[in-house]
Amino acid sequence: SCTVYSGDILCVAGETYNESSKNIPVADVYFAPLGPSGIGRWIAAQSYPAALAALSCATYGGYVHCAGGFGISQLSEASAYLGAFSTSGAASWGDATPYPFPFDTSSCVAAAGYVYCVAGISVTRSGSSVLSSTYYAPLSASPTRTSTTPEFPVILAIPIAFAFALLLVGLGRRNRKKGAPGV
């Protein structure tokens, strides 16, 4: 999962794919400066606390919040971690309260001190399901506050979540021009 904060891109965890080891979750974290000529040199940062793939991260107010993902078992997880963002990427990672259920392949954004995760999938030992709800929580507290009404149309989950993220970036730019704090 990649997210942007203060002119840097931060990519957290993921999975390997080569001839000898396919779909193996990793805990690697890298960041790079963004500029007019593209992405600068990638620099390794402090590793994520768990080797996970298909997690979702969002940044706000100097922190990166990451949730969900799947581990080596290929089962979804409910874990959540909060990292303090610094000039060296995520300088420290701490546990955040786990989500109310395991999920991965969600899309999360952050605004006004909250993180919002939209749709995704949940793969457990008892089966798998497509998630169509939106979940949100204060960045500094438990991510157990949920909103399940209305149900989110899953087929639209990824394009709409991307459009929502672009809207937040645009609002942040407009607010900065007016002198208000940005997103």
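Residues numbered from 1 in each chain as written. Predicted model: local features only at pLDDT ≥ 70, side-chain atom pairs only at ≥ 80, totals over all residues. Heavy atoms only, no water.

Turning next to the state of the cysteines. All chains considered together, the criterion is met by three disulfides. Between the sulfur of cysteine 2 and that of cysteine 11 lies a disulfide, 2.1 Å long from S to S. Taking the sign of the torsion about the S-S bond as the criterion, the disulfide between cysteine 2 and cysteine 11, at about 110 degrees, is right-handed. Residue classification places cysteine 2 among the partly exposed positions, given a relative accessible area of 46%. When its relative accessible area of 16% is taken as the criterion, cysteine 11 is described as buried. (Disulfide = S-S within 2.5 Å. Buried < 20%, exposed > 50% of the residue type's maximum accessible area, 1.4 Å probe, protein only.)

Attention shifts here to the packing of aromatic side chains. As enumerated under the stated definition, the model contains eight aromatic pairs in all. Relative to tryptophan 93, the ring of tyrosine 48 has its centre 4.9 Å away and its plane inclined at 85 degrees; by these criteria the two rings are edge-to-face. Taken together, the residues tyrosine 48 in the loop between strand S5 (43-44) and strand S6 (56-60) and tryptophan 93 in strand S9 (residues 89-96) connect sequence positions 45 residues apart. Pairing tyrosine 99 with phenylalanine 103 gives two aromatic rings, centres 5.1 Å apart and planes at 55 degrees, and the pair type is tilted. For the pair shown, tyrosine 99 and phenylalanine 103 are each scored as buried. Pairwise contacts between aromatic rings join Tyr99, Phe101, Phe103 and Tyr135 into one cluster. (Phe/Tyr/Trp six-rings, centres within 6.5 Å; stacked < 30°, edge-to-face > 60°. Helix = DSSP H or I, 4+ residues; strand = E, 2+ residues; numbered from the N terminus.)

Together, Val4, Tyr30, Leu34, Ile39 and Trp42 line one region of the surface with nonpolar side chains, adding up to about 450 Å² of accessible area. By relative accessible area, tryptophan 42 is classed as partly exposed at 39%. (Patch = residues over 30% accessible without salt bridge, like charges linked within 9 Å, V, L, I, M, F, W, Y side chains within 5 Å. Areas by Shrake-Rupley, 256 points an atom, 1.4 Å probe, with all protein chains shown as cover. Salt bridge = Lys/Arg side-chain N within 4 Å of Asp/Glu carboxyl O.)

On to the environment of phenylalanine 70. By the secondary structure assignment, phenylalanine 70 is in the loop between strand S7 (63-67) and strand S8 (80-86). With a relative accessible area of 11%, phenylalanine 70 lands in the buried category. In this structure the C-alpha to C-alpha distance between phenylalanine 70 and aspartate 104, which are 34 residues apart in sequence, comes to 6.3 Å. Residues within four places of phenylalanine 70 in sequence aside, it is in contact with Glu15, Pro25, Ala51, Leu52, Ala53, Ala54, Leu75, Ser76 and Asp104. (Contact = heavy atoms within 4.5 Å.)

Turning our eyes to something else, we now look at empty space enclosed by the protein. Counting across every chain of the model gives one cavity of 30 Å³ or more. Computed from the structure, the largest cavity encloses a volume of approximately 40 Å³. Lining the largest cavity are Tyr99, Phe101, Phe103, Ser106, Cys117, Ala119, Leu131, Ser133 and Tyr135. Elements supplying a minimum of two residues to the lining of the largest cavity: strand S11 (114-124) and strand S12 (127-138). Per-element accounting of the lining of the largest cavity gives the leading share, three residues, to S12. Looking at the lining of the largest cavity residue by residue, the classes come out as seven nonpolar, two polar and no charged. (1 Å grid on protein atoms, 1.4 Å probe; cavity = no way out; pocket = protein on both sides within 12 Å on 5 of 7 lines; lining within 4 Å. Points joined across faces, edges and corners; volume = space filled by probe spheres on them. Nonpolar A, V, L, I, M, F, W, Y, C, P; charged D, E, K, R; others polar.)

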